[in-house]
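Descriptive analysis of the structure
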Amino acid sequence: MAAAAKTSMRLFILGATGGIGLELVAQALERGHQVTVFVRTPQKLGGLRESVTVIQGDVLNPEPLGIALAGQDAVLSTIGPPGLGRSTITSDAARTTVTAMKATRTRRIVIVGVGMLFDDSGLLGRLLRSTFLRNIADDSAEMERIVKATSLDWTIVRPPRLTNGPRTEQYGIADDHLPRGAGGAATIRRADVAHFLLDEVERPGHLQRVVGIAYT
């Protein structure tokens, strides 16, 4: 079990009801942080709902998002597409989040992208990026463009194929590409992605960098 953080942070989590998001909320509470979640459907939080500050709202509406964000130390976003169809939810959410952060002078954001955007994601990654997962890749690439264009203290984390299971805390990380030895069929558990997101927000080591994370 991860040790509690030496200093409790006020963390604002977007995408909290997704696979990585639920892990992120649970692990943030383990570490002793004060967690605020901004969600459309609070019921999806299950028992975690009793231990966090829940604000119900639409992440695509920047005004209430900005009100909720005021006073937070950092934003962690695990928002992803609802499916394989054409969608701009990831990039639209990034746009409103950046607007709200600027309005409230919140500087730190750690946000999840997709590993197939790396040039070294292998033949399978390149194939999926241009065919079956093209819509997801395009939306995530636009999200990154929006975030990178700011002067915020951002970190973009690109995991490969996500799996379930308890965290191992045994994974590789690398700036600007997948970690050496990950291979073309790289995977990472959602719980370990959440673990790295919290490590990075507690002890920033990759400011304004894109980070690959995978088992090696």
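Everything discussed here concerns the structure shown above.
Figured I'd write up the structure that's included with this text. (Residues numbered from 1 in each chain as written. Predicted model: local features only at pLDDT ≥ 70, side-chain atom pairs only at ≥ 80, totals over all residues. Heavy atoms only, no water.)

Now for the sheet that holds strand β10 (residues 209–214). The pairing of strands in a sheet happens through backbone hydrogen bonds and is either parallel or antiparallel. If you walk across this open sheet you meet the 8 strands as β3-β2-β1-β4-β5-β6-β10-β8, and the pairing is mixed. Looking at which strands have only one partner, the edges of the open sheet turn out to be β3 (53–56) and β8 (172–175). On average, each strand axis in the sheet is tilted by 20 degrees relative to the strand beside it, whichever way the strands run. Set on the sheet, helix α6 (residues 190–202) makes contact with β1 (10–14), β4 (74–77), β5 (108–112), β6 (153–158), β8 and β10; between it and β5 the angle comes to about 165 degrees. (Pairing = 2+ DSSP bridges. Helix = DSSP H or I, 4+ residues; strand = E, 2+ residues; numbered from the N terminus. Axes fitted to C-alpha atoms, helices over the stretch in contact; angles between N-to-C directions. Contact = heavy atoms within 4.5 Å.)

What follows deals with the environment of R40. With respect to the helices and strands, R40 occurs in the loop between β2 (34–39) and β3. On the basis of relative accessible area, R40 is assigned to the exposed category, the value being 66%. With 16 residues separating them in the primary sequence, R40 and Q56 have C-alpha atoms 5.3 Å apart. (Buried < 20%, exposed > 50% of the residue type's maximum accessible area, 1.4 Å probe, protein only.)

All right, on to the pattern of salt bridges then. What the rule picks out here adds up to 16 salt bridges. Two residues, R167 and E30, come together in a salt bridge whose shortest N-O distance is 3.2 Å. Remark: E30 occurs in helix α1 (residues 19–30) and R167 occurs in the loop between β7 (161–163) and β8; sequence separation between them is 137 residues. The residue R203 makes a salt bridge to E202 at a minimum N-O spacing of 3.3 Å. By relative accessible area, R203 is classed as exposed at 53%. (Salt bridge = Lys/Arg side-chain N within 4 Å of Asp/Glu carboxyl O.)

So, about unusual backbone geometry. With a phi angle near 70 degrees, D176 is a residue other than glycine that sits in the positive phi range. Following the sequence through the fold, D176 ends up in the loop between β8 and β9 (187–189). Here Q208, not a glycine, exhibits a phi torsion of approximately 55 degrees, which is positive. Within the element layout of this structure, Q208 appears in the loop between α6 and β10. Judged by relative accessible area, which is 39%, Q208 ranks as partly exposed.

Moving on: the packing of helix α3 (residues 89–104) against helix α5 (residues 134–148). Packing of α3 against α5 leaves a shortest axis separation of 7 Å and a crossing angle of 15 degrees. One way to sum up the angle between α3 and α5 is to call them roughly parallel. Two packed elements cross with a definite hand, and for α3 against α5 that hand is right-handed. Along the contact surface, α3 presents I89, T90, S91, A94, R95 and V98, while α5 presents D139, E142, M143, R145, I146 and V147. (Parallel < 35°, antiparallel > 145°, perpendicular 65-115°, else oblique. Left-handed = near helix turned anticlockwise from the far one by under 90°.)

So yeah, pure geometry; function would need other evidence.
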